[in-house]
Amino acid sequence: MKTKLSDRLRPLLLGALLLGGLAHAEVRSIDRVVAIVDNDVIMQSQLDQRLREVQQTIAKRGASLPPEHVLSQQVLERLIIENIQLQIGDRSGIRIADEELNQAIEAIAQRNGMTVDQFRSALARDGLSYDDARDQVRREMVISRVRQRRVAERIQVTDQEVQNFLASDMGKIQLSEEFRLANILIPVPEGSSPSTIQAAERQAQELYQQLQQGADFAQLAISRSAGETALEGGEIGWRKAAQLPPPFDAMIGALQPGQVTEPVRTPGGFIILKLMDKRGGDTLVRDEVHVRHILLKPSEIRSEAETKRLAERLYERIQSGEDFGELAKSFSEDPGSALNGGDLDWIDPNALVPEFRAVMAKTPAGELSTPFKSPYGWHVLEVLGRRATDSSEKFREQQAINILRNRKYDEELQAWLRQIRDEAYVETKL
């Protein structure tokens, strides 16, 4: 059957009209997928944004930029690894509350000597969005918690490794007592005459006598010391005895916090050291608290307000005579203590988050706290007892475990990252 000429021309005319319309239309870029990662995707806009951030960071360091296609591949690979970890965090129920995120942003600003508003302005000057920065901090916090959980469970430190470390020279040095020190330096230039040296010694002895009579060390350091930390009150931080030159290495161990050494001649002049504090060593008496708690966490099916109300109801039930331990077994969402009736055993308060530590400190032994909130959720706690214990050996063993675990962490982290990358479905579209 023959077709009319108009029928054959209609598609061509329609195509011409469309092309004509496109020729006059504004050309707009459309975001596109650059990688599929398991159940998620990475968009071109995400890659472009991170690429700009990396380029700015490299430029600020004064380093030369690699070719953009090379840098793009590296940045995309980093985004893929991050995405896999974020999906693990999401499946594990890891959530960062806005309050906790705000505290993290404030801490970042403070470390850079800024207020949050100044931090926001600094980001804007660099062409970065504050909302994007918040989102990136949230992502990093989730990733950090995923790593803490997944990598930590891979690291094993045996009792034999701990004992070998404690017996080694390196272990003895790393676990030896540390001293927080400040100094005052009265300089003696190289090649000084005997009279100049004597004048410097008299000045140092005069300062020593003033200190013995109660003069403020920091003020004297600021006004009289030639040391590089004079304006900080002479404070030089924490040092081990082995890091100090003779005879200070032998002298410092005999001091109590607050005491000073007599002036000692060194190549640079006469130095007076003050012991401000000390830690570690062979004896350690710690305050410990025996405490149990019930933890309730807000979730997608239970709001913050509902969680608080449940904590208040449990508090009332305990006050009315119900058994704390049984309620903890039934309701507590702390996997480490719930099966033990919420019992955390004897614990060092410094191992707890500030909110928990503060409530525990003001709760008398044998009494219950009212419900309170921490970054982990809502708690009710009961203080069962307090004690001071000499835990020197236990503390040294724990320090050894921490050092050995930290040594193994980076190696285990890299192995774990390779594993999750190999196990993930990844399709790149660059």
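Keep in mind that this is a model prediction, so the values were computed, not measured. (Residues numbered from 1 in each chain as written. Predicted model: local features only at pLDDT ≥ 70, side-chain atom pairs only at ≥ 80, totals over all residues. Heavy atoms only, no water.)

(A) Broad picture of the sheet that holds strand β6 (residues 269–279). Ordered in space as β4-β3-β6-β5, the four strands form an open sheet in which the pairing is antiparallel. The sheet terminates laterally at β4 (235–240) and β5 (264–266), the two strands that pair on one side only. Across this sheet, the average inter-strand angle for adjacent strands is 45 degrees, counted without regard to direction. Helix-sheet contacts for helix α9 (residues 194–212) involve β3 (178–187), β5 and β6, and the interaxial angle to β6 is about 30 degrees. Sheet strands touched by helix α10 (residues 217–224): β3 and β6. Its angle to β3, the strand with the most contacts, is close to 40 degrees. (Pairing = 2+ DSSP bridges. Helix = DSSP H or I, 4+ residues; strand = E, 2+ residues; numbered from the N terminus. Axes fitted to C-alpha atoms, helices over the stretch in contact; angles between N-to-C directions. Contact = heavy atoms within 4.5 Å.)

(B) View of the UniProt feature "domain: PpiC" (unreviewed entry) in the chain. Here, UniProt's "domain: PpiC" (unreviewed entry) annotation points to residues 176–277 and 286–385. Note that residues 176–277 is 30% helix and 27% strand, and that its end C-alpha atoms are spaced 14 Å apart. The span residues 286–385 is 33% helix and 28% strand, and its two end C-alpha atoms sit 14 Å from each other. (UniProt positions renumbered as here; feature names shortened; annotations may be inferred.)

(C) Molecular detail of the sheet that holds strand β11 (residues 426–428). Reading across from one edge, β2-β1-β11 is the order of the three strands in this open sheet, with antiparallel pairing throughout. Each edge of the sheet is formed by a strand with only one pairing partner; in this case those strands are β2 (40–43) and β11. Between one strand axis and the next, the sheet turns by 20 degrees as a mean value, whatever way the strands run. Two strands pair when backbone bridges link them, and strand β1 (residues 33–37) and β2 are joined in this way by four bridges, in the antiparallel orientation. Residue A35 lies in a different strand from β2, and its bridge partner there is I42. On the sheet, helix α2 (residues 44–60) packs against β1 and β2 and is oriented at approximately 55 degrees with respect to β2.

(D) Structural view of helix α5 (residues 116–125). Buried within α5 we find F119, A122 and L123. Down the axis of α5, the buried set is contained in an arc of 100 degrees. They therefore lie on one face. Along α5, exposed side chains directed more than 90 degrees from the buried face belong to D117, A124 and R125. Against the buried residues of α5 lie α4 (98–111) and α6 (130–152). (Buried < 20%, exposed > 50% of the residue type's maximum accessible area, 1.4 Å probe, protein only. Arc of directions from axis to C-beta.)

(E) Region of interest: the domain arrangement of the chain. On domain assignment, one finds that the chain holds domain 1 (33–153), domain 2 (177–279) and domain 3 (285–390). Each of domain 2 and domain 3 has a C-alpha centre, and the two are 48 Å apart. (Domains from an automatic or database assignment.)

(F) Layout of the packing of α2 against helix α3 (residues 68–91). As a packed pair, α2 and α3 sit with axes 10 Å apart at the nearest point and diverge in direction by 115 degrees. Considered as vectors, α2 and α3 are oriented roughly perpendicular to each other. Crossing of α2 over α3 shows right-handed handedness. Contacts from Q46, L47, R50, L51, V54, Q55 and I58 of α2 reach α3 at E68, L71, S72, V75, L76, R78, L79 and E82. (Parallel < 35°, antiparallel > 145°, perpendicular 65-115°, else oblique. Left-handed = near helix turned anticlockwise from the far one by under 90°.)

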